[in-house]
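# An overview of the molecular structure
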Amino acid sequence: MTNKTSSLTAGQRGRPREFDIDAALDGAIAVFTQKGFHGVSVSDLAAAMKVSAGSLYKAFPDKQAIFMAALNRYIALRQQEMAQKTTGFATGYDEIAAILQVYAELASGKVGQLGCLVVAGNVELASNDENIARRIEGQLSSYEKRFADLIRKGQNDGSVRKDIAPASTATMLLCLIQGMRVVGKGGYSLVAMQQMISQALKMLL
């Protein structure tokens with residue numbers, strides 16, 4: 001179901017107009033990812049979200065609230081994509097390889113140059129905004145836990161070597177995927193990213 005909110009437009013006082021908030025947040029994701037939180041003005045957001053500045057602040061109290069809503073939307077979309085591409089694998093190793101392949105695709109070429117909103121928020125805001133810091137910490141922790149669980153699954157099914165520590169190896173894989181999103185801003189190719197994850201996967205065998 002489409003998520004909508006009501007606002008008033010100039011010249012339509014007292015007459016509510018609905019806008020598609022998910023589509024608006026997609027615009028916010030794009031501009032925040034491209035310019036960063038501090039590089040985005042209210043007029044930039046209004047243009048990207050295709051709403052007036054007045055309507056924007058009737059829906060959100062401030063720019064940080066818009067960023068948080070955009071971050072939640074971004075994470076939800078990424079989780080949907082990840083679920084579609086990384087479930088149903090027989091072994092822990094295969095599922096880890098599938099996750100890394102998704103990140104190789106997200107971090108390469110033109111898509112990679114767009115950047116990652118989680119990384120952008122972590123770099124710009126996590127040190128001085130507790131709500132955003134908690135949201136990002138929770139998301140990164142969930143990534144790390146999934147890797148650790150899959151390493152244990154792989155050790156049990158024989159696809160991952162038994163002499164590696166699941167927790168610290170999971171942290172290494174988390175650092176890898178987040179680092180890929182950072183360097184991907186520089187325009188790395190998919191081949192280069194795949195070579196990177198190939199080296200990481202060798203550590204599991």
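This write-up is about the structure you can find in this document. Computed from a predicted structure; not experimentally measured. Residue indices begin from 1 for each chain and proceed along its sequence in written order. Thresholds applied to this predicted model are a pLDDT of at least 70 for local features of residues and 80 or more for the giving and counting of side-chain atom pairs; totals over whole chains, interfaces and linings are not thresholded and use all residues. Side-chain numbers here rest on the full set of heavy atoms in the structure, without hydrogens or water.

### A short note on the overall build of the chain
- Going along the chain from the N terminus, every DSSP run of H or I of four or more residues is numbered as a helix, and every run of E of two or more is numbered as a strand. Helix and strand counts for the chain come out as 10 helices and 2 strands.
- Order of helices (α) and strands (β) in the chain, N terminus to C terminus: β-β-α-α-α-α-α-α-α-α-α-α.
- Its C-alpha atoms give the chain principal-axis dimensions of about 70 × 35 × 30 Å.
- Burial classes follow relative accessibility: with a 1.4 Å probe on protein chains only, a residue under 20% of its type's maximum area counts as buried, one over 50% as exposed, and anything between as partly exposed. In the chain, buried positions account for 44% of the 205 residues.
- Here a residue-residue contact requires only that any non-hydrogen atoms of the pair lie within 4.5 Å. Long-range contacts, defined as pairs at least 24 residues apart, comprise 64% of the intrachain contacts of the chain with a sequence gap of at least 6.
- Just so you have it, the chain exposes about 10,500 Å², and 55% of that area is on carbon and sulfur atoms.
- Counted as positive: Lys and Arg. Counted as negative: Asp and Glu. His and the chain ends are not counted at all. A single reference atom marks each charge: NZ on Lys, CZ on Arg, CG on Asp, CD on Glu. Positive and negative side-chain charges in the chain, numbering 23 and 18 respectively, have mean positions lying 5 Å apart. Using a 1.4 Å probe, accessible areas were evaluated by the Shrake-Rupley method; residue-level cover was limited to the displayed protein chains.

### A few points about the environment of Leu176
- The residue Leu176 is located in helix 9 (residues 166-183) in this model.
- Given a relative accessible area of 15%, Leu176 falls into the buried group.
- Along the chain, Leu176 and Gly187 lie 11 residues apart, while their C-alpha atoms are 17 Å from each other.
- Excluding its chain neighbours within four sequence positions, the residues that come into contact with Leu176 are Leu100, Met196 and Ala200.

### Structural notes on the side chain of Asp129
- Following the sequence through the fold, Asp129 ends up in the loop between helix 7 (117-124) and helix 8 (130-157).
- Arg134 is the oppositely charged side chain nearest to the buried, salt-bridge-free Asp129, at an N-O distance of 7.1 Å.
- For this analysis, a polar contact is any N or O atom pair within 3.5 Å, provided that within protein one partner can donate a hydrogen and the other can accept it, and provided that sequence-adjacent residues contribute only side-chain to side-chain pairs. Within the local environment of Asp129, its side chain forms a polar contact with the backbone nitrogen of Ile132, the two atoms lying 3.0 Å apart. Counted as salt bridges are all cases of a side-chain nitrogen of Lys or Arg within 4 Å of a carboxyl oxygen of Asp or Glu.

### Notes on the nonpolar core
- Put simply, buried Ala, Val, Leu, Ile, Met, Phe, Trp, Tyr and Cys residues joined by side-chain atoms within 4.5 Å make one nonpolar core. Phe32, Leu45, Met49, Leu71, Ile96 and Leu100 are the most contacted members of the largest nonpolar core, which has 60 residues in total.
- Of all the elements in the fold, those that place two or more residues in this core are helix 1 (21-35), helix 2 (42-49), helix 4 (63-86), helix 5 (92-106), helix 7, helix 8, helix 9 and helix 10 (190-202).

### Things to note about helix 1
- By this rule, a helix spans an expected 1.5 Å times one less than how many residues it contains. Taking 1.5 Å of rise per residue, the 15 residues of helix 1 would be expected to cover 21 Å, and the 21 Å separating its terminal C-alpha atoms lies within 8% of that figure.
- Listing the buried residues of helix 1 in full gives Ile21, Ala24, Leu25, Gly27, Ala28, Ile29, Val31, Phe32 and Thr33.
- Taking the backbone nitrogen of Asp22 as reference, a side-chain oxygen 3.0 Å away marks Asp20 as the first, capping residue of helix 1.
- A positive backbone phi angle near 80° is found at Gly36, which sits one or two residues after helix 1.

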